[in-house]
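This is what each chain is made of:
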Amino acid sequence: MSGAGRTGDGRGRLGNVLSGLVVAVGCVLFLGGFVWAALVYRPYTVPTGSMSPTVETGSKVLAQRITGDEVRRGDVVVFTDKAWSGSPMVKRVIGIGGDTVVCCDAKGRLTVNDEPIAEPYLRTPAGASGVSGGTSGSSGSGSSGDSGSSGTGASSGASGQAPASTEFSAEVPEGELFLLGDDRAISLDSRVHLTEEGQGSVPRSAVEARVDAVAWPSGHMLDPPEGFAGLPGGISSQGPLPLQLGAAVAGVVLILAGCAYGPIAARTRRGKSAKAVAGAR
């Protein structure tokens, strides 16, 4: 009898140790995931609709801290440039240094180095928000942005809306980026600055972060810009956000599982004791 009791006690102690380890690992994963995300990502608020429908007005986005050298075509970036009001703004990178960006080909498509670009993320006329609006400003603690219209003039392409609202051609200087909004009817972007030095481009050094996800209200990762994948340099790989979220979720599961062991084990022991007493009678 005493041997059986010692075995039971040993199993109980082992279970408690293992459940404690599970909780500890869960805490490490949970806290580690959040700390990792806090170091890599920064939240921004986008107050206007020039990046709609990719990023709607008032959306909260998570942007990965990167340097300008890491930017590739198709990235949605947060940047600050004095020529663009000096406030943080969100736009899509269309061209990089050495590129020739033209609107439009016979089908109304934007071309980069004579290659037509598929842009499924553009707003179509049925969902267009009109011809007045603004640049997508952004802020880590507030919001900012201009308002205006980029004009009209290009014919509609296969997607229902021309990639740009006016025809243009721009040579992107080395070390700079050509940026457009996804709602081309209202976005104030590189097209507005075409007559300036650099034809509307901004230096890579102006980039602060790359938007990987919309945290609120929709809660989703941005789709990869596959239309640029065939150009030299390809497109950016997905950021670590899914892995960070996975670590945090796994941590929560382990913490709950470890904490649940004690009550479940106690209830199991009480059930066995009750059966033993009933059998003795």
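Look up a bit, the structure's there.
Not measured: the values here are computed from a predicted model.

Draft legend 1. Expanded view of the overall build of the protein chain. The helix and strand inventory of the protein chain stands at two helices and twelve strands. When the helices and strands of the protein chain are placed in sequence order, the string is α-β-β-β-β-β-β-β-β-β-β-β-β-α. Counting all 281 residues of the protein chain, 42% fall into the buried class. Across the protein chain, every contact between residues at least 6 apart in sequence was considered, and the portion connecting residues at least 24 apart equals 69%. Per element, the accessible surface of the protein chain, about 14,000 Å² overall, is 60% carbon and sulfur.

Draft legend 2. Structural context of the sheet that holds strand S7 (residues 115–116). The four strands lie next to each other as S7-S6-S5-S8, forming an open sheet whose pairing is antiparallel. Two strands lie at the open edges of the sheet, namely S7 and strand S8 (168–171), each paired on one side alone. Sheet topology note: the strand S6 (residues 110–112)/S7 ladder contains two bridges and is antiparallel. Within S7, the residue paired with Thr-111 across the bridge is Pro-116.

Draft legend 3. Molecular detail of unusual backbone geometry. For the bond running from Ser-52 to Pro-53, omega is 5°, close enough to zero to count as cis. Checked against the element boundaries, Pro-53 lands in the loop between strand S1 (41–46) and strand S2 (59–65). Put simply, Cys-103 and Cys-104 share a cis peptide bond, and its omega is 5°. Note that Cys-104 resides in the loop between strand S5 (100–103) and S6. Its identity is not glycine, yet Ser-85 carries a phi of approximately 90°, on the positive side. Taking the relative accessible area as the measure of exposure, Ser-85 reaches 42% and is therefore partly exposed. Even without a glycine there, the phi angle at Gln-199 is positive, about 50°. Positionally, Gln-199 belongs in the loop between strand S9 (176–180) and strand S10 (202–203). Looking at Gln-199, the relative accessible area reads 26%, which means it is partly exposed.

Draft legend 4. Spotlight on the side chain of Ser-201. Looking at the secondary structure, you find Ser-201 in the loop between S9 and S10. Given the relative accessible area of 10%, Ser-201 is considered buried. Among the polar contacts listed, one links the side chain of Ser-201 to the backbone oxygen of Gly-198, at a separation of 3.1 Å. Apart from residues no more than four positions distant in its own chain, Ser-201 is found in contact with Val-172, Pro-173, Glu-176, Leu-177, Phe-178 and Ser-190.

Calculation notes
- Residues numbered from 1 in each chain as written.
- Predicted model: local features only at pLDDT ≥ 70, side-chain atom pairs only at ≥ 80, totals over all residues.
- Heavy atoms only, no water.
- Helix = DSSP H or I, 4+ residues; strand = E, 2+ residues; numbered from the N terminus.
- Buried < 20%, exposed > 50% of the residue type's maximum accessible area, 1.4 Å probe, protein only.
- Contact = heavy atoms within 4.5 Å.
- Areas by Shrake-Rupley, 256 points an atom, 1.4 Å probe, with all protein chains shown as cover.
- Pairing = 2+ DSSP bridges.
- Polar contact = N/O pair within 3.5 Å; in protein donor to acceptor, adjacent residues only side chain to side chain.

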